[in-house]
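What the coordinates show
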Amino acid sequence: MQASVVVLPGDGIGPEVTAAAEQVLRAVASRFGHTFTITSHPIGGAALRGGGLPLPNETREACLAADAVLLGAVGDPAFDSSPSEQRPETALLQLRQALGVFANLRPAKVWPGLENGGAFKPELVTGADLLIVRELTGGIYYGEPRGTAGDGESAFNTMRYSRAEVERIAEVAFKSAVTRRGLVTSVDKANVLETSRLWREVVTEVGTRYPDVRLQHQYVDSCALLLATNPLQFDVVLSGNLFGDILSDEAGAVVGSLGLLPSASVGGRGGLFEPVHGSAPTIAGKDIANPIGAIASVAMLLRHALGAGPEAEAVDQAIGGALAAGYRTADLVSSGSGEAVGGSMMAREILTRVQVSG
Ligand code: IPM
Ligand code: MN
């Protein structure tokens, strides 16, 4: 197979975790006899620091031409007080829109052996395995009008969803549920928001086309509570852009660390693959960051953008193998339960397991 992959390291821990992920991608190519053309481009704060736009045109064009895009993270405190068009995050929002990747898949599963490392009681999280299907190119992230008024005395955003936008993301959720445990939990705030009442109506309609999938509706506040107290009850969690952003960080806590979570943004051109964690500037460059979120995103890239199932499986197995052998980055070590390894050691342990031909 021939494929072109664009890597966007970005900010903070982005460069170190994408470097590890890229090595894994190269190892997959050589083990399975593929040719992957991999090029790297600036985005976010890294692009701004170089004097460009957060999403330089050249980066956008490269992404549009690629079979898949692997992104590290964007976000840099140096630009915290900059206007929207000069913020690292804007690059990511523009890129998602340019690629048209409206469906963000965020699987969250407790790896065997990691039940004890997180903030939640092991008996509550053991066996948790959910998929957040987050709408990614609409809602309050993109709604117009937005801005500030009265010399900064007030500010406003617009949450807007069309039937068509809700319908297509609901389709993705139901289709996913068919291949999983057949349950969709749709998240909204229909007791307060008009967008949520439309959301609920359209999701219910789509649900009638999937008689084998059970649909339940959950207000986002109660969903947040249930995710913390009884995560096993969830299979596919369907949500709008903002609610999905919030719940997916919480899912990170459920599985032991946000550093473990990968994501795939699909439905448009190619696909955009990125760990769910952010740029984590305070730990950047210290070899602390967990590369698993980025490496698991490579597995999703192989599966969703390149249709390479066995290759994806090999990557997931290598991650499982390194964890089963006891390697833990700092975020996975609970107090008094052993030594943490650096991110580069974790990456090496995974890489060598990918290289071993199966
Ligand atoms: C995420 C991130 C982004 C988002 C930011 C960096 C724009 O938090 O992918 O979850 O809010 O979508
Ligand atoms: Mn987020």
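Summarised in this report is the structure supplied together with it.

This part covers the overall build of the protein chain. Each helix and strand counted, the protein chain has twelve helices and twelve strands in total. Over its C-alpha trace the protein chain gives a radius of gyration of 20 Å, about what one expects of a compact globule, namely 21 Å for 358 residues. Reported as C-alpha extents along the three principal axes, the dimensions of the protein chain are approximately 55 × 50 × 45 Å. Counting over 358 residues, the protein chain shows a buried share of 52%. The long-range fraction of contacts in the protein chain, counting pairs at least 24 apart against all pairs at least 6 apart in sequence, stands at 75%. Carbon together with sulfur atoms contributes 53% to the accessible area of the protein chain, which is approximately 14,800 Å² in total.

If you look at the biggest cluster of nonpolar residues, it comprises 87 residues, and the most contacted ones within it are Phe 36, Leu 238, Leu 302 and Ile 350. Broken down by element, this core gets its largest block of residues, nine residues, from helix α10 (residues 292-304). Of the residues that make up this core, three or more belong to each of domain 1 (1-102 + 260-358) and domain 2 (119-255). Beyond its immediate sequence surroundings of up to four residues, Leu 238 is in contact with Val 133, Ile 169, Ala 170, Ala 173, Val 184, Thr 185, Ser 186, Val 187, Trp 199 and Val 203. Core analysis: the next-biggest nonpolar cluster, separate from the first, contains 16 residues, Leu 55, Cys 63, Ala 66 and Val 74 among them.

Tallying each qualifying case throughout the model produces 20 salt bridges. One salt bridge in this structure joins Arg 209 and Glu 171, with 2.4 Å as the shortest N-O distance. Placement of Arg 209 in the loop between α7 (194-207) and β9 (214-219) and of Glu 171 in helix α6 (residues 163-178) is noted, with a sequence separation of 38 residues between them. In this structure Arg 209 comes out as partly exposed when scored by relative accessible area, which is 42%. Arg 303 is the salt-bridge partner of Glu 313, the closest N and O atoms lying 3.8 Å from each other. One end of the pair, Glu 313, is in helix α11 (residues 309-324); the other, Arg 303, is in helix α10, with ten residues separating them in the sequence. Since its relative accessible area comes to 35%, Arg 303 is described here as partly exposed. Ionic contacts of the salt-bridge type, sharing partners, join the residues Asp 129, Arg 180, Arg 181 and Asp 235 into one network.

As a further point, take unusual backbone geometry. For the bond from Glu 144 to Pro 145, the omega torsion is 0 degrees, close enough to zero to count as cis. Mapped onto the secondary structure, Pro 145 falls in the loop between β5 (129-135) and β6 (147-149). Positive phi outside glycine occurs at Asp 151, with the angle close to 60 degrees. Despite not being glycine, Asp 287 has its phi angle at roughly 60 degrees, a positive value. Within the secondary structure layout, Asp 287 lies in the loop between β12 (272-275) and α10.

With the rule as written, the count across this model stands at two aromatic pairs. Seen in terms of ring centroids, Phe 174 and Tyr 210 are 5.3 Å apart; in terms of plane orientation they differ by 15 degrees. Their pairing is stacked. In this pair, Phe 174 sits in helix α6 while Tyr 210 sits in the loop between α7 and β9, placing the two residues 36 residues apart along the sequence. Directly above the ring of Phe 102 sits Arg 168, whose terminal nitrogen or CZ lies 4.1 Å from the centroid.

Now for α7. End to end, α7 covers 20 Å across 14 residues, agreeing with the expected 20 Å (1.5 Å per residue, within 8%). Among the residues of α7, Thr 195, Ser 196, Leu 198, Trp 199, Val 202, Val 203, Val 206 and Gly 207 are the ones counted as buried. With its buried residues spanning 165 degrees around the axis, α7 presents them on a single face. For α7, the secondary structure elements touched by its buried residues are β5, α6, β8 (183-188), β9, β10 (236-239) and α9 (241-255).

Moving on, we get to the site of ligand 1. All residues in the neighbourhood of ligand 1 are listed as Glu 89, Arg 96, Arg 106, Arg 134, Tyr 141 and Asp 245. Between an oxygen atom of ligand 1 and a side-chain N or O atom of Tyr 141, the distance comes to 2.6 Å. The contact in question runs from an oxygen atom of ligand 1 to an N or O atom on the side chain of Asp 245, over 2.9 Å. Contact with the protein chains covers 80% of the free accessible surface of ligand 1, which is 320 Å². Residues of the shell around ligand 1, tallied by class, amount to one nonpolar, no polar and five charged.

Attention shifts here to the environment of Ala 228. Here Ala 228 shows up in helix α8 (residues 220-229). With 107 residues separating them along the chain, Ala 228 and Lys 121 place their C-alpha atoms 9.8 Å apart.

With that settled, consider the pairing of strand β1 (residues 2-10). Along β1, seven of the nine residues are buried, which leaves the element largely enclosed by surrounding structure. Taken together, the six bridges between β1 and strand β2 (residues 35-40) define a ladder with parallel strand orientation. Bridging from a neighbouring strand, Gln 2 pairs with Thr 35 of β2. Of the pairings in the sheet, the one linking β1 to strand β3 (residues 68-73) comprises five bridges and is parallel in character. Pairing of Leu 8 across the sheet is with Leu 71, part of β3.

Calculation notes
- Residues numbered from 1 in each chain as written.
- Chains lettered and ligands numbered in written order.
- Predicted model: local features only at pLDDT ≥ 70, side-chain atom pairs only at ≥ 80, totals over all residues.
- Heavy atoms only, no water.
- Helix = DSSP H or I, 4+ residues; strand = E, 2+ residues; numbered from the N terminus.
- Rg over C-alpha atoms; globule rule 2.2 N^0.38 Å.
- Buried < 20%, exposed > 50% of the residue type's maximum accessible area, 1.4 Å probe, protein only.
- Contact = heavy atoms within 4.5 Å.
- Areas by Shrake-Rupley, 256 points an atom, 1.4 Å probe, with all protein chains shown as cover.
- Core = buried A, V, L, I, M, F, W, Y, C linked by side-chain atoms within 4.5 Å.
- Domains from an automatic or database assignment.
- Salt bridge = Lys/Arg side-chain N within 4 Å of Asp/Glu carboxyl O.
- Phe/Tyr/Trp six-rings, centres within 6.5 Å; stacked < 30°, edge-to-face > 60°.
- Lys NZ or Arg CZ within 6 Å of the ring centre and 35° of its normal.
- Expected span 1.5 Å × (residues − 1).
- Arc of directions from axis to C-beta.
- Near = heavy atom within 4 Å.
- Polar contact = N/O pair within 3.5 Å; in protein donor to acceptor, adjacent residues only side chain to side chain.
- Nonpolar A, V, L, I, M, F, W, Y, C, P; charged D, E, K, R; others polar.
- Pairing = 2+ DSSP bridges.

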